[in-house]
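# Per-entry structural report
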Amino acid sequence: MTWNAFLSLLDGAGLTLLISGAGILIGVPLGFALALIRWARVPVLAPIAAVYVSLLRSTPAVTLCLLIFFAVPTLGIEIGAWTAGILTLALVTAAFNSEIWRAGLLNFPADQLEAARAFGMPAGLRLRRIIFPQLWRVSLPGLVNEATLLIKASPAIAVIGVAEITRAATRIGAQTYEPLPPMLAATGLYVAIILVLVGLQRFVEKRYGRIGAQA
């Protein structure tokens, strides 16, 4: 495999990181909002959120990507391949992140909430000062795991022409008639990205673990 081919793979890796990162940045807070709605049993919205999570968790990313890319323009809204890819990954990861957040909320110590209510602490303040600071630490491993799964699922957006890592490797293999080297290089890039994510997770856990111990 030539140097230029490897540079093409790096371009694909950059695009994968960009689109996956945007999807994660949108999907994590959206999933948190969905989890809060279901946990608080907000009338009307809670059942809708439950249906959304069930549907998105059972819909293949490739199918959703094609649906968004071809269906949205029929509503008179122009959407490019990048936007469709980001939206697909964001909607998918939001559904899975919602379950991670909700599991943490359901297992949150009830006595802490009861004590906060007894002191007259408003719901918004309870969320900011008591629930979230503990919730994100408990949920972090699951959120990072979901982020790694999302990155590995990002080749789904190649069906609409986005040249992420796998599509770039496939193109190189088709041009050189040697598919194995670019695929091995693509695998190495995926592994490197995932290892960086896991390393960041461990760093954050150790850092805040030390802070918690000192407190």
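Everything in this summary refers to the structure shown in the same document.

How each quantity is defined
Residues numbered from 1 in each chain as written. Predicted model: local features only at pLDDT ≥ 70, side-chain atom pairs only at ≥ 80, totals over all residues. Heavy atoms only, no water. Helix = DSSP H or I, 4+ residues; strand = E, 2+ residues; numbered from the N terminus. Buried < 20%, exposed > 50% of the residue type's maximum accessible area, 1.4 Å probe, protein only. Contact = heavy atoms within 4.5 Å. Areas by Shrake-Rupley, 256 points an atom, 1.4 Å probe, with all protein chains shown as cover. Lys, Arg positive; Asp, Glu negative; His and termini not counted. Charge placed at Lys NZ, Arg CZ, Asp CG, Glu CD. Axes fitted to C-alpha atoms, helices over the stretch in contact; angles between N-to-C directions. Parallel < 35°, antiparallel > 145°, perpendicular 65-115°, else oblique. Left-handed = near helix turned anticlockwise from the far one by under 90°.

Attention shifts here to the overall build of the protein. When helices and strands are tallied, the protein shows eight helices and zero strands. Walking the protein from its N terminus toward its C terminus, one meets helices and strands in the order α-α-α-α-α-α-α-α. The dimensions of the protein, computed from C-alpha atoms along their principal axes, are 70 × 50 × 25 Å. For the protein, the residues scored as buried account for 35% of the 215 residues in total. Here the analysis covers contacts within the protein between residues at least 6 apart in sequence; of these, 74% occur between residues at least 24 apart. Carbon and sulfur atoms make up 68% of the accessible area of the protein, which amounts to about 12,100 Å² in all. Taking the average location of the 16 positive side-chain charges in the protein and that of its 9 negative ones, the two points are 10 Å from each other.

This brings us to the packing of helix H1 (residues 3-39) against helix H7 (residues 165-176). Two elements in contact, H1 and H7, have axes separated by 7 Å at closest approach and are oriented at 160 degrees. The orientation of H1 with respect to H7, classified from their angle, is roughly antiparallel. Crossing angle aside, the handedness with which H1 passes H7 is right-handed. Here H1 contributes Ala5, Ser8, Leu9, Gly12, Ala13 and Thr16 to the contact with H7, which in turn contributes Ile165, Ala168, Ala169 and Ile172.

Turning our attention to unusual backbone geometry. Non-glycine residue Arg41 carries a positive phi angle of around 55 degrees. In this fold, Arg41 is placed in the loop between H1 and helix H2 (45-58). A residue is classified by how much of its surface remains accessible, and Arg41, at 70% relative accessible area, is exposed. Positive phi values are uncommon outside glycine, yet Tyr177 reaches one of about 60 degrees. If you trace the backbone, Tyr177 turns up in the loop between H7 and helix H8 (180-214). Classification of Tyr177 by relative accessible area gives exposed; the value is 72%.

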